[in-house]
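In case you want the letters, here they are:
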Amino acid sequence: LREHEEFTKVKNIATVELGKYEIETWYFFPFPPEYNDCVKLFFCEFCLNFMKRKEQLRRHMRKCDLKHPPGDEIYRSGTLSMFEVDGKKNKVYAQNLCYLAKLFLDHKTLYYDVDLFLFYVLCECDDRGCHKVGYFSKEKHSEEAYNLACILTLPSYQRKGYGKFLIAFSYELSKKEGKVGTPERPLSDLGLLSYRGYWTRVLLDILKKHKGNISIKELSDMTAIKAEDILSTLQSLELIQYRKGQHVICADPKVLDRHLKAAGRGGLDVDVSKLIWTPYK
Ligand code: ACO
Ligand code: ZN
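Residues numbered from 1 in each chain as written. Chains lettered and ligands numbered in written order. Predicted model: local features only at pLDDT ≥ 70, side-chain atom pairs only at ≥ 80, totals over all residues. Heavy atoms only, no water.

Draft legend 1. Summary view of the coordination of the zinc ion (ligand 2). Coordination of the zinc ion (ligand 2) by the protein involves Cys-44 (SG), Cys-47 (SG), His-60 (NE2) and Cys-64 (SG), with metal-donor separations of 2.0 to 2.3 Å. Here the zinc ion (ligand 2) binds four donor atoms, and the angle range of 99 to 118° at the metal identifies the geometry as tetrahedral. Sequence spacing of the donors to the zinc ion (ligand 2): C-x2-C-x12-H-x3-C. The exposure class of His-60 is buried, given its relative accessible area of 14%. Judged by relative accessible area, Cys-64 falls into the buried class, the value being 14%. (Donors = N, O, S within 2.8 Å, 3.2 Å for Na, K, Ca; no water. Tetrahedral: all angles 85-135°; square planar, octahedral: opposite > 155°, others 65-115°. Buried < 20%, exposed > 50% of the residue type's maximum accessible area, 1.4 Å probe, protein only.)

Okay, structure coming up:
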């Protein structure tokens, strides 16, 4: 039995086909046993059903009439669209999305309980349909003020600014809810890098424009970023001093400019005027 267990731990699915991309997977994932002999999986890029053989996918594609994620399109700007998918209403889709994501996420447990989550799926759209770029999930009700549970940019689309777009989007939703938010922990290395980058740029932009003193609480109200995340970001930039038992932001314009230069590209912006959304009740 032990040997069998060890054996099934090898990375089974090495690649997935999704739309026009063939993607190498990053991590092992225990797909149901009937997939044990399978090194490549074929996903329908629209409904996310997956199959063991190309021929099955071909047959599926003739029947599948979905051209975008199920759910509501809540944002459209140019060719970019965001869809909100309710895990309860679209259970199979949501589970398949989690399966796919788990191939690129190491530390996260998979949520079989997709009912409790909303999924925000970002797509690049053309005349053939809406092609998935990435997504994030969000608990419908979070006691810990999490505004994002899992985030993924599909490898074919990484390093183009979509991750920061997804993060920015999660904070725009929090602003509409009138709440501060923070991502669920732990973060992966790439997750932390992306968040640090986002927090740094947002905070530096405000400090650069703002005249006079500003508190962490005010920054938090403006950005929906949780105070702890603001403090740790500003501390890492050495913009915080501790005076008379209080954290004080010391934003020397020269230091800000230096950090802003180092912070690099801003990425794709969320155009809030194109977001049509009401919080989940
Ligand atoms: N090497 C070094 N730095 C990187 C890399 C990399 N491979 N990828 C991203 N970064 C950093 C960079 O600082 C980058 O900014 P820059 O390009 O301006 O230098 C920043 O992260 C964000 O880059 P984006 O292009 O906006 O992000 P991307 O679309 O690549 O998505 C993400 C980032 C979502 C973390 C992606 O790497 C991913 O899906 N990884 C696998 C899944 C994962 O780890 N998710 C986070 C788990 S934590 C959680 O879910 C709460
Ligand atoms: Zn399909």
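Draft legend 2. Inspection of the pairing of strand β6 (residues 80–86) at higher detail. Within β6, seven of the seven residues are buried, which leaves the element mostly enclosed by the surrounding structure. Of the two faces of β6, both are covered, the one formed by Leu-80, Met-82, Glu-84 and Asp-86 as well as the one formed by Ser-81, Phe-83 and Val-85. Turn length for the strand β5 (residues 72–77)-β6 hairpin, with the two strands adjacent in sequence and antiparallel, is two residues, and the turn residue Gly-78 shows positive phi of about 60°. Sheet analysis places β6 next to strand β7 (residues 117–126), joined by seven bridges and oriented antiparallel. Along β7, the bridge assignment pairs Leu-80 with Glu-124. (Helix = DSSP H or I, 4+ residues; strand = E, 2+ residues; numbered from the N terminus. Pairing = 2+ DSSP bridges.)

Draft legend 3. The arrangement of the pattern of salt bridges in detail. For the coordinates displayed, the defined rule picks out 15 salt bridges. A salt bridge links Glu-17 to Lys-54; the nearest nitrogen and oxygen atoms lie 2.6 Å apart. With Glu-17 in strand β1 (residues 15–18) and Lys-54 in helix α2 (residues 54–63), this pair connects stretches of sequence that are 37 residues apart. Classification of Glu-17 as buried rests on a relative accessible area of 12%. Residue class for Lys-54 comes out partly exposed when judged on its relative accessible area of 32%. A salt bridge links Lys-175 to Glu-172, with the nearest nitrogen and oxygen atoms 3.1 Å apart. Pair noted here: Lys-175 and Glu-172 are both in helix α4 (residues 162–177), with a separation of three residues, about one helical turn. The class of Glu-172 is buried, set by a relative accessible area of 12%. Several salt bridges share partner residues, and in doing so they unite Glu-17, Glu-22, Lys-40 and Lys-54 into one network. (Salt bridge = Lys/Arg side-chain N within 4 Å of Asp/Glu carboxyl O.)

Draft legend 4. The environment of Val-133, seen in detail. Along the chain, the position of Val-133 falls in strand β8 (residues 129–139). C-alpha of Val-133 to C-alpha of Tyr-99: the two residues are 34 residues apart in sequence and 16 Å apart in space. Apart from the residues within four sequence positions on either side, Val-133 is in contact with Leu-122, Cys-123, Glu-124, Thr-153, Leu-154, Tyr-157 and Tyr-162. (Contact = heavy atoms within 4.5 Å.)

Draft legend 5. Up close: the packing of aromatic side chains. Here the structure, examined in full by the defined rule, presents 15 aromatic pairs. When the centroid spacing of 5.7 Å and the interplanar angle of 80° are considered together, the rings of Trp-26 and Phe-104 count as edge-to-face. Placement of the pair is Trp-26 in the loop between β2 (21–24) and β3 (40–43) and Phe-104 in the loop between α3 (91–102) and β7, with a sequence separation of 78 residues. With relative accessibility at 35%, the residue Trp-26 sits in the partly exposed group. For Phe-104, a relative accessible area of 5% translates into the label buried. Residues Tyr-120 and Phe-136 carry aromatic rings whose centres are separated by 5.0 Å and whose planes lie at 25° to one another, so their mutual orientation is stacked. In this pair, Tyr-120 is assigned in strand β7 and Phe-136 in strand β8, connecting sequence segments 16 residues apart. (Phe/Tyr/Trp six-rings, centres within 6.5 Å; stacked < 30°, edge-to-face > 60°.)

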